[in-house]
Amino acid sequence: MIVKEYAEMLNAKSVIREMSAFAAERGKKIGYENVFDYSLGNPSVPVPEKLRTKIAKLALEGNPMEVYGYSPTLGIPAVREKVAASLKKRFGVPYEGKHIFMTSGAAGALAHAFRCVLNKGDEILTFAPYFSEYGPYTKPVADLRVVPADTEKFQINFEAFASMMNEKVAAVLVNSPNNPSGTVYSEETIQKMADFLRKKQEEYGHDIYIISDEPYREILFDGTVVPYIPKYYENTIVCYSFSKSISLPGGRIGYVAVSPACKDAELLINMCGQISRGIGHNCPTSLMQLAVAEILDETSDMSVYEKNMNLLYETLTDLGFTCVKPKGTFYIFPKALEADATAFCKKALNYDLVLVPGDGFGCPGYFRMAYCIDTEKVERSLPVLRKFVEAEYPSR
Ligand code: PLP
């Protein structure tokens, strides 16, 4: 018999994918250059030249047993050591190789982190707006409950958070810089969350983990600094990805880093190896592990994202949108000009503006624009955005 749970998930299609499919279809008719496709978070800046050269060199000249052979279950030891050393240098947290587990991107890292600390019947809390894939990611493991958004600043709605906290909560899933809002949780927010969770751990007599999903950690604007959560909270599991910072989503590479201050750090990393066996994930390719280990402290040139953000933010606010200015990522999350953001986004399609309604991000009434596209296209989209708004919402 087929497994109904997954068959039923087919009905809950990803709105992001649907919007992106629309853009592709429309592009066939009018030319993709004429479709203002703000749907997908697919990085648009090139992979660093140094990495491409390294990949080519490894593929052609590397030790075949190392490059094409099975990687150890937890990842190549030298790579784990290098990741740990880089994190230690950058954030001052005393990681060692034994705290690192190599994965297929952030999705792979999260799949392991969830299975490490969530038992059946446990709850995991996350904060709206949140990455819509968290639903399917957590579904086989535990109950995901979403704390309503602080729509004023897109920080954390602590009142709602406190009211939803209960003994069943085993983990809190945090994503900063945030997809879809582009905001960065301030030090005050992180400190407050850490203090609150420490108190709750004591009260309930069990650990509560922060699972910190950080694929956008390096995409920051205007000198913003992201507080590094393991410095504030011992039971932190960081899930990182190279998909965005070096434009390598097809490389499928990332890692789990368990804070050395977590008393079960080594155990959790070793458990990741066992979880891999259970879910058939095994290791990411040896080639990618070896390649990214050479550029751990570098990123693509991502200045275009900030440029695009400023262009959009200026126009959107000028047009009367309520919008929190992003501090990072390549997303912006304004309030729609009518309560039903899906209806708003549907109207925008008539102008070949492809936007994604916020409902799937746990924040109805808002919409997301992924501006990881050429600046030239952003510039061409601005008069179209103006035309759409002035025609459809003249008395906004
Ligand atoms: N988490 C967030 C917040 C994301 O936006 C994404 C991808 O867009 C992922 C996780 C998955 O990233 P990866 O491609 O590394 O699996």
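See the structure printed just above.
As the structure is a computational prediction, the values presented were derived from the model and not from experiment.

Sorry, what's going on with the overall build of the protein here?
The secondary structure content of the protein amounts to 14 helices and 12 strands. A globule of 396 residues ought to have a C-alpha radius of gyration of about 21 Å, and the protein, at 21 Å, matches this closely. Its C-alpha atoms put the protein at 60 × 55 × 55 Å along the principal axes. For the protein, the proportion of its 396 residues judged to be buried stands at 56%. Relative to all contacts within the protein whose residues are 6 or more apart in sequence, the contacts with residues 24 or more apart total 76%. Here the protein has roughly 17,400 Å² of accessible surface; of this, 52% comes from carbon and sulfur atoms. For the protein, the centre of its 44 positive side-chain charges and the centre of its 48 negative side-chain charges are spaced 3 Å apart.

Can you help me understand the packing of aromatic side chains in this one?
The geometry of an aromatic ring pair comes down to the distance between the two centres and the angle between the two planes. Applying the stated criterion across every chain yields a total of 26 aromatic pairs. Judged by centre distance (5.5 Å) and plane angle (75°), the rings of Y216 and Y331 are edge-to-face. Taken together, the positions of Y216 in the loop between β6 (209-213) and β7 (236-241) and Y331 in strand β9 (residues 331-332) put the pair 115 residues apart, joining distant regions of the chain. By relative accessible area, Y331 is classed as buried at 1%. Ring geometry for F344 versus F367: centroids 4.8 Å apart, planes at 40°, classification tilted. One end of the pair, F344, is in helix α13 (residues 341-349); the other, F367, is in strand β12 (residues 367-370), and 23 residues separate them in sequence. The residues F344 and F367 share a single accessibility class, namely buried. By the ring-pair criterion, three or more aromatic residues cluster together here, those being F321, F344, Y351, F367, F388 and Y393.

So what exactly am I meant to see when it comes to the sheet that holds strand β3 (residues 123-127) here?
Two modes of strand pairing occur in sheets, parallel and antiparallel, and in both the strands are linked by backbone hydrogen bonds. Here we have seven strands laid out as an open sheet, ordered β2-β8-β7-β6-β5-β3-β4, and mixed in their pairing. Only two strands of the sheet have a single neighbouring strand rather than two, namely β2 (100-103) and β4 (143-147). Ignoring strand direction, the axes of neighbouring strands in this sheet form an average angle of 20°. Pairing of β7 with strand β8 (residues 254-258) involves five bridges; the strand directions are antiparallel.

Looking at this structure, how should I read the pattern of salt bridges?
Pairing is possible between side chains that carry opposite charge, provided their charged atoms lie close to one another. One pass over the full model with this rule turns up 22 salt bridges. As a salt-bridge pair, R386 and E390 come within 3.9 Å of each other at their nearest N and O atoms. Of this pair, R386 and E390 both sit in helix α14 (residues 375-392), separated by four residues, roughly a single helical turn. Residue classification places R386 among the partly exposed residues on the basis of a relative accessible area of 30%.

Would you mind showing me how to read the pairing of β8 here?
Look at any regular strand and the pattern is simple: side chains alternate between the two faces of the sheet. Burial analysis of β8 places five of its five residues in the buried class, the great majority of the element. Pairing analysis gives four bridges linking β2 to β8, with the strands arranged antiparallel. In the sheet register, M102 faces β8, and the bridge partner there is Y255.

Honestly, the side chain of R80 in this entry has me stumped. Any pointers?
Secondary-structure assignment places R80 in helix α5 (residues 77-91). With no salt bridge to any partner, buried R80 finds its closest opposite charge in E81, at an N-O distance of 7.0 Å. Dropping the residues within four chain positions of it, R80 is found in contact with L74, G75, G97, K98, I100, M102 and I269.

What am I meant to see in the site of the ligand here?
In the region of the ligand, 15 residues are neighbours, and A106, D213, Y216, S241 and R252 sit closest. In the environment of the ligand, an oxygen atom lies 2.7 Å from a nitrogen or oxygen atom belonging to the backbone of A106. At 2.7 Å, a side-chain N or O of R252 approaches an oxygen atom of the ligand. For the ligand, the accessible surface in isolation is 390 Å², of which the surrounding protein chains cover 91%. Elements with a contribution of two residues or more to the shell around the ligand: α6 (105-117) and α7 (134-138). In terms of residue class, the shell around the ligand is made up of seven nonpolar, five polar and three charged.

Basis of the calculations
- Residues numbered from 1 in each chain as written.
- Predicted model: local features only at pLDDT ≥ 70, side-chain atom pairs only at ≥ 80, totals over all residues.
- Heavy atoms only, no water.
- Helix = DSSP H or I, 4+ residues; strand = E, 2+ residues; numbered from the N terminus.
- Rg over C-alpha atoms; globule rule 2.2 N^0.38 Å.
- Buried < 20%, exposed > 50% of the residue type's maximum accessible area, 1.4 Å probe, protein only.
- Contact = heavy atoms within 4.5 Å.
- Areas by Shrake-Rupley, 256 points an atom, 1.4 Å probe, with all protein chains shown as cover.
- Lys, Arg positive; Asp, Glu negative; His and termini not counted.
- Charge placed at Lys NZ, Arg CZ, Asp CG, Glu CD.
- Phe/Tyr/Trp six-rings, centres within 6.5 Å; stacked < 30°, edge-to-face > 60°.
- Pairing = 2+ DSSP bridges.
- Axes fitted to C-alpha atoms, helices over the stretch in contact; angles between N-to-C directions.
- Salt bridge = Lys/Arg side-chain N within 4 Å of Asp/Glu carboxyl O.
- Near = heavy atom within 4 Å.
- Polar contact = N/O pair within 3.5 Å; in protein donor to acceptor, adjacent residues only side chain to side chain.
- Nonpolar A, V, L, I, M, F, W, Y, C, P; charged D, E, K, R; others polar.

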